[in-house]
Amino acid sequence: MNVQTASPTGSSPSWLLQQALDLVQSSAMFITSPNPRVGCILANDAGTVLGQGYTQAAGGAHAEIMALRDAQNRGHCVAGSTAYVTLEPCSHHGRTGPCCDALIAAGVKRVFATNTDPNPLVAGRGFAKLQSAGVHVVVLDPAEPLAIAARELNIGFFSRMIRKKPWVRLKVAASLDGRTALPNGQSQWITSPEARTDGHAWRARACAVLTGIGTVLQDSPRLDVRLVDTPRQPHLIIVDSKLETPPDAPLFEPARKLFIYGAVTDADKTVALTQRGATVIHMPGHQPDGTPTGKIDLAALLQDLGRREINELHIEAGHKLNGSLVREGLVDEFLVYLAPKLMGQGAGMADFGPLTSLTSALPLQFQSIECMGPDLRIVARVTDRDFF
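Everything in this summary refers to the structure shown in the same document. (Residues numbered from 1 in each chain as written. Predicted model: local features only at pLDDT ≥ 70, side-chain atom pairs only at ≥ 80, totals over all residues. Heavy atoms only, no water.)

## A closer look at the pattern of salt bridges
- Tallied over the entire structure, the rule returns 21 salt bridges.
- When the shortest N-O distance is used, the salt bridge between E253 and R222 registers 2.7 Å. Note that E253 is positioned in the loop between β9 (235-239) and β10 (258-262) and R222 in the loop between α8 (213-219) and β9, a separation of 31 residues in sequence.
- A relative accessible area of 28% means that R222 is categorised as partly exposed.
- Taken together, the shared-partner salt bridges connect R37, E152, R169, R205, E312, E333 and R381 into one network. (Salt bridge = Lys/Arg side-chain N within 4 Å of Asp/Glu carboxyl O. Helix = DSSP H or I, 4+ residues; strand = E, 2+ residues; numbered from the N terminus. Buried < 20%, exposed > 50% of the residue type's maximum accessible area, 1.4 Å probe, protein only.)

## Description of helix α6 (residues 155-163)
- Of all nine residues in α6, eight are buried, a share of seventy percent or more.
- All buried positions along α6 are accounted for by I155, G156, F157, F158, S159, R160, M161 and R163.
- Here the buried face of α6 lies against α5 (145-153), β7 (167-175), α10 (298-307), β14 (312-315) and β17 (375-382).
- Just downstream of α6, K164 is the residue with a positive phi angle, here 65 degrees. (Contact = heavy atoms within 4.5 Å.)

## A few points about α5
- Among the residues of α5, those classed as buried are L146, A147, A150, R151 and L153. Along the axis of α5, the buried positions cluster into a sector of 160 degrees, meaning they face one direction only. (Arc of directions from axis to C-beta.)

## Re the sheet that holds strand β16 (residues 364-372)
- Taken together, nine strands build an open sheet; the order of strands is β11-β10-β9-β8-β14-β7-β15-β17-β16 and the sheet is mixed. The two strands at the open ends of the sheet, each matched to only one other strand, are β11 (278-282) and β16. Taken over all neighbouring pairs, the strand axes of this sheet differ in orientation by 20 degrees on average, direction set aside.
- Alignment of β9 against β10, held across four bridges, turns out to be parallel. Bridging across to β10, I237 finds its partner in F259. (Pairing = 2+ DSSP bridges. Axes fitted to C-alpha atoms, helices over the stretch in contact; angles between N-to-C directions.)

Functional significance is not addressed by these values, which are geometric in nature.
Structure representation (structure tokens):
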């Protein structure tokens, strides 16, 4: 395969690729899981948009097919046109047929793409198939801002394909002095309605939300998406070593898949939870000598979620489970909402340590800092998570 690598910054393809990315951002963020979020623009040599589309829900049409349909509905012929796509067109039969075959059959003559698909079933084969049919292919340099932006929109998909586990984002709502609850456990509400609404948008983009049994018993949460419109609810994952989740808990009410990971074997509890629609998974942790820890093997849990096609995992848990995830190096990114108030004593963000040296502190890089109503939203990423 001899794919041309180019930097379109300042040239005509850049705004069309940006338009394809904008389409993904505005329309595809909540619907495509477990497939990647992809946008496609079809344009003629003058830059006139003939059709556009984005990937639909799993089993539905991909971005390229939607763009071809849109062009047909507009009465445009796409023969000789250029496709601007935010990921390599697929070349394999999965839930749908190969997109590159459809582009070739439609007479598309050029393809500009932001990135190669990390899926081993594609991984350059789509580009090769297009080229063998005489289609000119250009893919951006990975360091290009548009290429980076496209990967960020699909960071969970890239993580699952490359690392075989989801991208783990840990959400925390805290006071300015880092408290997530009062000593008596009260935590509703530390942050503002604006921050809570934004948090629901991050839930909605995730494939699954994870919490611990402590939060389930303390707060009786639903942990679904209610404050923003979404066509689907993310799966719910419960870390519950002793299978203590009450079968009548509110979290069973939303229609979604529910997975409960336990460290013990209890037939009666498993039957009760299964009858409520949960999938109970036995995943105990062990000491190096093989002695059971009585807790969940969290690293194995993430690998299992990767096999279950979870791209982005959104965590809303208490300081103990948060601390375990941080201590084991399993968190990739932190989504932190800070309220302009001090609470003094109370629960912290993550209970781990104690550290004996500041050099042992977990290093982070700020990705963004924005105001959400009166609160501050910080997205901070662990510095060694560059797997692209």
